[in-house]
Amino acid sequence: MKQVNIRSAKNLVMTFLMFSATVAVLIPLAIIFIHIAKMGFSSISLDFFTSIPKPTGETGGGMANGIVGSGVLIAMASAIGLPIGIFGAIYLVEYGGGKLSSIIRFAADVLNGIPSIITGMVAYTLIVVPMKGFSALAGAVALALIMIPIVLRTAEEQLKMVPNSLREASLALGVPLWRTTFRVTLRSALKGVATGVLLAIARIAGETAPLLFTALGNMFWSKKLTEPIAAMPLQIFNFAISPYEDWHRLAWAGALVLVMFMFTISLATRYFSRQRN
Amino acid sequence: MGIKLKLEGVNVFFGNNRAVKDVNIDFHANMVTAIIGPSGCGKSTVLRSINRMHDMVPSARVTGKILLDQTDIYEKNADPVSIRRRIGMVFQKPNPFPAMSIYDNVIAGYKLNGRANRQESDEIVEGSLKRVALWDEVKDRLKKSAMELSGGQQQRLCIARTIAVRPEVILMDEPCSALDPIATAKIEELINELKEQYTVAIVTHNMQQAARVSDYTAFLYLGELIEFDRTGKIFTNPEKKHTEDYITGRFG
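This one's a predicted model, so the numbers in the text were calculated from it and none came from an experiment.

(A) Inspection of the packing of aromatic side chains at higher detail. If you walk through the whole model with that rule in mind, you get nine aromatic pairs over all chains. On the basis of an interplanar angle of 75° and a centroid distance of 6.0 Å, the ring pair of A:Y124 and A:F213 is categorised as edge-to-face. Of this pair, A:Y124 sits in helix α5 (residues 116–131) while A:F213 sits in the loop between α10 (209–212) and α11 (232–240); the two residues are 89 residues apart in sequence, bridging distant segments of the chain. For A:F213, a relative accessible area of 24% translates into the label partly exposed. The aromatic ring of B:Y103 is capped on one face by B:K143, whose charged end is 4.2 Å from the ring centroid. Taking the ring centre of B:F97 as reference, the NZ or CZ of B:R161 above it sits at 4.8 Å.

Next comes the structure, spelled out in structure tokens:
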């Protein structure tokens, strides 16, 4: 009887500890969200989305150039990173095998673990220095380098999950491997691959470090991709460390918009991954 | 009746493991040839070598000759894609394309190759489904998902999909092992009709099935061909003691 009591007491304590741990995971998220919402919500106006930052001293202004700049950078990075990541995954799963595959996999994992500031430095050396100037292009390359391993590995996992019987069904009808890959295998894995793509986009949308010495950022509309371009995270960073109250408020608003963007992407990913089953 | 397909000294290796050893089988045109033997004897491996499915497995290697109308399908410049168009395959588990409708599944061989025209497609789909006696069951729901069909219907759909591309040889890898007896009977009846037009090779672990549907039977054991003869002979008066033991259920 005594033993049973001790056991149920232990059970109670441990359950409580685990419950507390769960709550502890949620608290930081809640704090961040509430705090950013409180600070940022009042500064969000139509102006925030439609106008560029005003010169210091003037009140008002927005982050329109940063929002568009982030969009441009994400689109360019995706244009570079997605084909490489997805084609790489196709090669590994459908055509590869052998030693090269494990080398590529290992390289992707290492690349994924490299601090993003270093990725920025690489893009700086490879593009900014030879082209003699900061540019949207350099920023996009830095972000693409972050995207590639994420897309490669998630797409690889998803392609592996496609049952072999489907590939065989197609091949046995005399459909060449490349058509089978695109029209049967990739199509079956599409939702999973899309999830990986969204995760990669969410990741790069918030990256600041790789843009510091590549895209650099500016306070106006960029006209060329070979010139510096504004981006949300860069603008938040610059405004937050500035001494002006008005810019601080814009930084909070920017943070809120960015967090909402991530939140939307997370919801979309959940939607895609649930659809599959 | 000529010999449509001829296996000459075929070996299949997976890495260093020799799964099929010096197998010789003649597949007569417009006849059904059954390959029987206990699990793991290499019967599916033999079948899959006939439409070069082993190409997809990096460690697999096929040696010897497989002659389709006297041309070796493993010749250096033989094209596996066009070979698979001439030698279709039906698999153990029905494998319709889950994202496609019944209609699209039948026409998949054309559609996936990007050469399907509307009117021709309608004819091919109707003809193929009628051929496998599925038309009356599905004609009102051709646009519905193929996954709504029962297992037996799915397997007949897969056969329709295979004959839609007009192959010359049809390989069947235990096509009834996932089906109930009624669905099995329907497929067997279908096999009997198919041989009017096609050369059929069927792998089965069900000896009664081999006896019922085939004209010739090959008995494989541990990767070796033990005996190959007319089905009647194999099941009533086999040459080898080994075959007799297997057929009478003394092992396997």
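(B) Inspection of the pattern of salt bridges at higher detail. In the structure shown here, the tally under the stated rule is 27 salt bridges over all chains. For A:E156, the salt bridge identified is with A:K160, shortest N-O distance 3.6 Å. Of this pair, A:E156 and A:K160 both sit in helix α6 (residues 136–161), four residues apart, which is roughly one turn of that helix. Overall, A:E156 belongs to the buried group, its relative accessible area being 0%. On the accessibility criterion, A:K160 (46% relative accessible area) is partly exposed. Here B:R84 and B:D55 are joined by a salt bridge, their closest N and O atoms 4.0 Å apart. Separated by 29 residues along the polypeptide, B:R84 in helix α2 (residues 80–86) and B:D55 in the loop between α1 (43–50) and β4 (60–68) bring together distant segments of the chain. Through salt bridges that share partners, A:R105, A:D109, A:R153, A:E156, A:E157 and A:K160 make up one connected network.

(C) Main features of the domain arrangement of chain A. Residues and elements named next belong to chain A. Split into domains, chain A comes out as domain 1 (2–43) and domain 2 (47–276). When each unit is reduced to the centre of its C-alpha atoms, the spacing between domain 1 and domain 2 is 33 Å. Facing the eight residues of domain 1 at the interface are eight residues of domain 2. Across the domain 1 to domain 2 interface the summed buried area is about 770 Å²; carbon plus sulfur atoms make up 83%. Considering only the side of domain 1, the residues that lose the most area to domain 2 are F33, I36 and S43, jointly responsible for 63% of the buried surface there. Where domain 1 packs against domain 2, one counts zero salt bridges. Taken together, the links from domain 1 to domain 2 amount to zero residue pairs in polar contact (both at pLDDT 80 or more). Residue composition of the side of domain 1 that touches domain 2, by class: five nonpolar, three polar and no charged.

So, how was this worked out
Residues numbered from 1 in each chain as written. Chains lettered and ligands numbered in written order. Predicted model: local features only at pLDDT ≥ 70, side-chain atom pairs only at ≥ 80, totals over all residues. Heavy atoms only, no water. Phe/Tyr/Trp six-rings, centres within 6.5 Å; stacked < 30°, edge-to-face > 60°. Helix = DSSP H or I, 4+ residues; strand = E, 2+ residues; numbered from the N terminus. Buried < 20%, exposed > 50% of the residue type's maximum accessible area, 1.4 Å probe, protein only. Lys NZ or Arg CZ within 6 Å of the ring centre and 35° of its normal. Salt bridge = Lys/Arg side-chain N within 4 Å of Asp/Glu carboxyl O. Domains from an automatic or database assignment. Contact = heavy atoms within 4.5 Å. Buried area = accessible area lost by both parts, 1.4 Å probe. Polar contact = N/O pair within 3.5 Å; in protein donor to acceptor, adjacent residues only side chain to side chain. Nonpolar A, V, L, I, M, F, W, Y, C, P; charged D, E, K, R; others polar.

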